[in-house]
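Residue strings, one per chain:
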Amino acid sequence: MRVGFIGTGSMGSILIEAFIETKALLPSQIHASNRTFDKVKALAKRYTGLHAYPSNVRVVQRADIIFLCIKPLEFQTVIDQIKDEVHEEHLIVSITSPVEIKDLERKLKAKVAKVIPSITNSAGRGASLIMAGERLTERDKDVLFQLMKSISHPLWLDEKYTRISADIASCGPAFISFLLQRMIDAAVEETGIPRDKAVTLFTQMMIGFGALMAKNKFTLESLQERVCVPGGVTGVGISVLEREVDDMFHKLFKATQLKFNEDVELVQEMFYKTST
Ligand SMILES: NC(=O)c1ccc[n+]([C@@H]2O[C@H](COP(=O)([O-])OP(=O)(O)OC[C@H]3O[C@@H](n4cnc5c(N)ncnc54)[C@H](OP(=O)(O)O)[C@@H]3O)[C@@H](O)[C@H]2O)c1
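As the structure is a computational prediction, the values presented were derived from the model and not from experiment.

Considerations on the sheet that holds strand 3 (residues 51-53)
Right, so step 1: Here we have eight strands laid out as an open sheet, ordered 3-2-1-4-5-6-7-8, and mixed in their pairing. Of all the strands in the sheet, just strand 3 and strand 8 (153-156) have a single pairing partner and so form its edges. Neighbouring strand axes in the sheet, compared pairwise and without regard to direction, differ in orientation by 25 degrees on average.
Right, so step 2: Pairing between strand 1 (residues 3-6) and strand 2 (residues 30-33): four bridges, direction parallel. If you follow Gly4 over to strand 2, its bridge partner there is His31.
Right, so step 3: Contacts from helix 1 (residues 10-21) reach strand 1, strand 2 and strand 4 (65-68), with the element oriented near 155 degrees to strand 1.

Thoughts on the UniProt feature "binding site: NADP(+)" (unreviewed entry) in the protein chain
Right, so step 1: The feature "binding site: NADP(+)" (unreviewed entry), as annotated in UniProt, sits at Ile6, Gly7, Thr8, Gly9, Ser10 and Met11 in this numbering. When the annotated set is filtered for residues lining the second largest pocket, what remains is Ile6, Gly7, Thr8, Gly9, Ser10 and Met11.
Right, so step 2: Within the secondary structure layout, Ile6 lies in strand 1.
Right, so step 3: In this structure Ile6 comes out as buried when scored by relative accessible area, which is 1%.

Details of the layout of surface pockets
Right, so step 1: When its volume is computed, the second largest pocket comes out at roughly 1000 Å³.
Right, so step 2: As for the second largest pocket, its lining consists of 35 residues, of which Cys69, Ile70, Lys71, Pro72 and Glu74 are closest to the centre.
Right, so step 3: Secondary structure elements with two or more residues in the lining of the second largest pocket: helix 1, helix 4 (75-82), helix 7 (162-191) and helix 11 (248-272).
Right, so step 4: In the lining of the second largest pocket, the residues fall into 14 nonpolar, 14 polar and seven charged.
Right, so step 5: Each of domain 1 (3-157) and domain 2 (165-252) accounts for three or more of the residues forming the lining of the second largest pocket.

Section: the site of the ligand
Right, so step 1: Around the ligand, 21 residues are found, and the nearest of them are Ser10, Met11, Asn34, Thr36 and Lys39.
Right, so step 2: Met11 is positioned such that a nitrogen or oxygen atom in its backbone is 2.7 Å from an oxygen atom of the ligand.
Right, so step 3: The separation between a nitrogen atom of the ligand and a polar side-chain atom of Asn56 is 2.9 Å.
Right, so step 4: Its free accessible area being 890 Å², the ligand has 80% of it covered by the protein chains.
Right, so step 5: Here the ligand occupies the second largest pocket.
Right, so step 6: When its residues are assigned to classes, the shell around the ligand shows eight nonpolar, nine polar and four charged.

Brief notes about the domain arrangement of the protein chain
Right, so step 1: Its domain assignment divides the protein chain into domain 1 (3-157) and domain 2 (165-252).
Right, so step 2: Taking only C-alpha atoms into account, the centre of domain 1 sits 34 Å from that of domain 2.
Right, so step 3: Listed as interface residues are eight residues of domain 1 and, on the opposing side, five residues of domain 2.
Right, so step 4: Looking only at domain 1, the three residues that lose the most surface to domain 2 are Ile116, Ser118 and Leu129, adding up to 49% of its buried area.

Regarding the UniProt feature "domain: Pyrroline-5-carboxylate reductase dimerisation" (unreviewed entry) in the protein chain
Right, so step 1: As recorded in UniProt, the feature "domain: Pyrroline-5-carboxylate reductase dimerisation" (unreviewed entry) lies at residues 159-260.
Right, so step 2: Overall, residues 159-260 shows 82% helix and 0% strand. The separation of its end C-alpha atoms is 13 Å.

Here's the deal with the side chain of Ser118
Right, so step 1: Tracing the sequence through the fold places Ser118 in the loop between strand 6 (111-116) and strand 7 (127-132).
Right, so step 2: Once residues lying within four places of it in the same chain are set aside, the contact partners of Ser118 are Met11, Ala127, Ala169, Ser170 and Pro173.

Quick notes on the rules
Numbering of residues starts from 1 in every chain and runs along the sequence as written. Local features in this predicted model are restricted to residues of pLDDT 70 or higher, and side-chain atom pairs are both shown and tallied only at a pLDDT of 80 or more, whereas totals for entire chains, interfaces and linings draw on every residue. Hydrogens and water are ignored here; the side-chain numbers use all heavy atoms of the structure. Pairs of strands are assigned from DSSP output, requiring at least two bridges between the strands. Labels follow the DSSP assignment, with helices taken as runs of H or I lasting at least four residues and strands as runs of E lasting at least two, numbered in each case from the N terminus. Under this scheme, a helix contributes an axis fitted over its contacting stretch, all axes are lines through C-alpha atoms, and angles between N-to-C directions fall in the 0 to 180 degree range. Whether two residues are in contact is decided by their heavy atoms, any of which lying within 4.5 Å being enough. UniProt positions are given in the numbering used here, feature names are shortened, and annotations may be inferred rather than shown by experiment. Buriedness for pockets is judged along seven lines, at least five of which must meet protein on both sides within 12 Å for an open set on the 1 Å grid over protein atoms alone, while cavities are sets there where a 1.4 Å probe fits but cannot get out, and lining residues have an atom within 4 Å of a point. A 1.4 Å probe rolled over the protein chains alone gives each residue an accessible area, and that area as a share of the maximum for its type sets the label: buried under 20%, exposed over 50%, partly exposed in between. Grid points are joined across faces, edges and corners, and a volume is the space filled by probe spheres set on the points. Residue classes follow a fixed rule: Ala, Val, Leu, Ile, Met, Phe, Trp, Tyr, Cys and Pro count as nonpolar, while Asp, Glu, Lys and Arg count as charged, and any other residue, Gly among them, counts as polar. The start and end points of each domain follow an automatic or database-based domain assignment. A molecule or strand has a residue near it when one of that residue's heavy atoms lies within 4 Å. Counted as a polar contact is a pair of N or O atoms within 3.5 Å, where, for protein atoms, one must be capable of donating a hydrogen and the other of accepting one, and residues adjacent in sequence contribute only when both atoms are in side chains. Note on areas: these come from Shrake-Rupley sampling with a 1.4 Å probe, and a residue is covered only by the protein chains present in the view. Should more than half of a molecule's atoms lie within 2 Å of a pocket's or cavity's grid points, that molecule is taken to sit in it. Buried area, as used here, totals the accessible surface that two parts lose on assembly, with accessibility defined by a 1.4 Å probe and the loss added over both.

Dropping the structure here:
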């Protein structure tokens, strides 16, 4: 299997590193290009055998599965460059949520899928989301699933749930980091605990929490019940959270959905109003 990557920015390089580090792929199976060639050259220097090209067309000519790790408004340029080289047997995988599978199927002869990875996949953990277009065979689906399984917990998903699933699996680590940072700030400001001690305590708590969840010993509800002893301190804290969190997450998901809808519109404009 020869796997291509067009775009080796943040997520493209995370995927490449994760596939190599988990030994799902050998560097020699990877063919990659990036607009700024130095970025992909640096990866080839780090992973001997990885094929780096200054041209996206070369990736398409050399690979069977091609991950498009570019931003939404960069798609039309890349499609214009590669479309004549893409054939029916290629499997094109977009990692960009507002670019819809049906639009890529209209523009390319290939089989098309969408995968939403997460920064957690760089630790071989966390979920990834997979959506398959109509042209994929059962074998294609299996190959893609196994590839993503080597670095994550993959989940098949209906494309209509792209945004909310990406909010949880992909944006989630940033949201949780933000909340933890605010908890650390408050702990330091309210009590004077040294910041480095608070950071270690919170980080270790999160690692322990993840490990506990992975063991399926508790559900989220039963964990709260177990920690919350009657008349204890945890319950007092939970009451504050209940009061203060209120509809904060509703507002968050409404805002991300709104931004997503705007992005989808911009992509549609790019594909169908400005292109020939
Ligand atoms: N970051 C995440 O956690 C995450 C998670 C899931 C999905 N995604 C999605 O992944 C996509 C990429 O995100 P990112 O964070 O990796 O962005 P990024 O760091 O900006 O990477 C995009 C890369 O694409 C390259 N590129 C742009 N136009 C190109 C072209 N015509 N030919 C070849 N390469 C080109 C850029 O090259 P230059 O070096 O020249 O800029 C850059 O290295 C986005 O749609 C994002 O929504 C990201």
